[in-house]
Amino acid sequence: MTSLRDGRVIVVEDLVVAYGTAVALDHVTLQVGAGEMVALLGPNGAGKSTLANALAGLVEPASGTVRVGGRAALIPEGRQLFPDLSVADNLALGGWRSGERDPSAVYDVLPRLAELAGRRAGVLSGGEQQMVAFGRALMSRPSVLVVDELSLGLAPGVTADLAAHLAGLNRSRGLTVLLIEQNARLAFELCPRAYVLEAGRVVAEGESAELAGDPRVAGAYLGGSVA
Ligand SMILES: Nc1ncnc2c1ncn2[C@@H]1O[C@H](COP(=O)(O)OP(=O)(O)O)[C@@H](O)[C@H]1O
Ligand SMILES: [Mg+2]
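Predicted, not measured: the structure shown is a model, and the values here were computed from it.

Visitor: Any chance you could break down the domain arrangement of the chain for me, citing the residues and the numbers?
Guide: Split into domains, the chain comes out as domain 1 (1-70 + 143-227) and domain 2 (78-137). One C-alpha centre belongs to domain 1, the other to domain 2, and the line joining them spans 24 Å. Examining the composition of the side of domain 1 that touches domain 2, we find that four residues originate from one element, helix H6 (residues 156-173), more than from any other. In terms of residue class, the side of domain 1 that touches domain 2 is built from six nonpolar, two polar and no charged.

Structure, rendered in structure tokens:
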């Protein structure tokens, strides 16, 4: 894997992103090392998707730097599938950049997708659609995966299944993951390290175990103390 200096694969420094005059990211600095799973927590409107889109090169910084080493893929918020296309065709669209057309390696990781291959994406359940978005991201053989709201709208069991797949890829292949989540419990369980973003600023960062014990973080994101 290509990594940047010091083995870091995501380096965001002093990043400012604005929509017109509205500042969505206000001097954000964060790093993710090769093979790490790091969570990004924050309420609606905090700027999480803006950061994901900046990492994917979809929004332009006003100032600061965004560097991603290796091949990055994004699972965008709300999946963004083509509902009238089949699962197989949605997967194929994920391979356009890498030239990968054969989904068999993705089916090895997510065997359920092989069963769903001929179905229209739009008729699938939310969990199945998230799995298609996951598989589509894997088609580009990423070394870094940015997941924008894994659990959004999904039943806990379905989320747990997808989370287990993510953790498995991290363990077996060293896939680097930035997991954007509103479910702090899930994020802290899955990721040893986390950042908290509020109103475009990083307001807390550190080991998940420590953050979970921080009364301000616990109060806002875990529904009170976790003691
Ligand atoms: N395309 C856009 N145009 C204008 N404002 C936007 C756009 N996308 C997001 N915003 C605003 O930027 C802020 C951060 O949004 P977003 O990054 O989507 O936050 P989050 O993903 O944490 O909910 C919000 O105030 C949102 O309304
Ligand atoms: Mg968002």
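The rest of the description comes next.
Visitor: Break down the site of ligand 1 for me, citing the residues and quoting the values.
Guide: The environment of ligand 1 is formed by Tyr-19, Ala-22, Ala-24, Gly-42, Asn-44, Gly-45, Ala-46, Gly-47, Lys-48, Ser-49 and Thr-50. Contributions of two or more residues to the shell around ligand 1 are made by strand E2 (22-33) and helix H1 (48-55). It is H1 that provides the largest number of residues to the shell around ligand 1, a total of three residues.

Visitor: Summarise the nonpolar core; cite the residues concerned and give the values.
Guide: Within the largest apolar cluster, 67 residues are counted, with the highest numbers of intra-cluster contacts made by Leu-179 and Ala-194. Here the element with the most residues in this core is helix H5 (residues 126-138); it accounts for six residues. Both of domain 1 (1-70 + 143-227) and domain 2 (78-137) provide at least three residues apiece to this core. When residues no more than four places from it in sequence are discounted, the contact partners of Leu-179 are Met-37, Ala-39, Val-147, Leu-150, Ala-187, Leu-190 and Cys-191.

Conventions and cut-offs
- Residues numbered from 1 in each chain as written.
- Chains lettered and ligands numbered in written order.
- Predicted model: local features only at pLDDT ≥ 70, side-chain atom pairs only at ≥ 80, totals over all residues.
- Domains from an automatic or database assignment.
- Helix = DSSP H or I, 4+ residues; strand = E, 2+ residues; numbered from the N terminus.
- Nonpolar A, V, L, I, M, F, W, Y, C, P; charged D, E, K, R; others polar.
- Near = placed C-beta within 6 Å.
- Core = buried A, V, L, I, M, F, W, Y, C linked by C-beta atoms within 7 Å.
- Buried ≥ 20, exposed ≤ 12 C-beta atoms within 10 Å, placed from the backbone.
- Contact = placed C-beta atoms within 7 Å.

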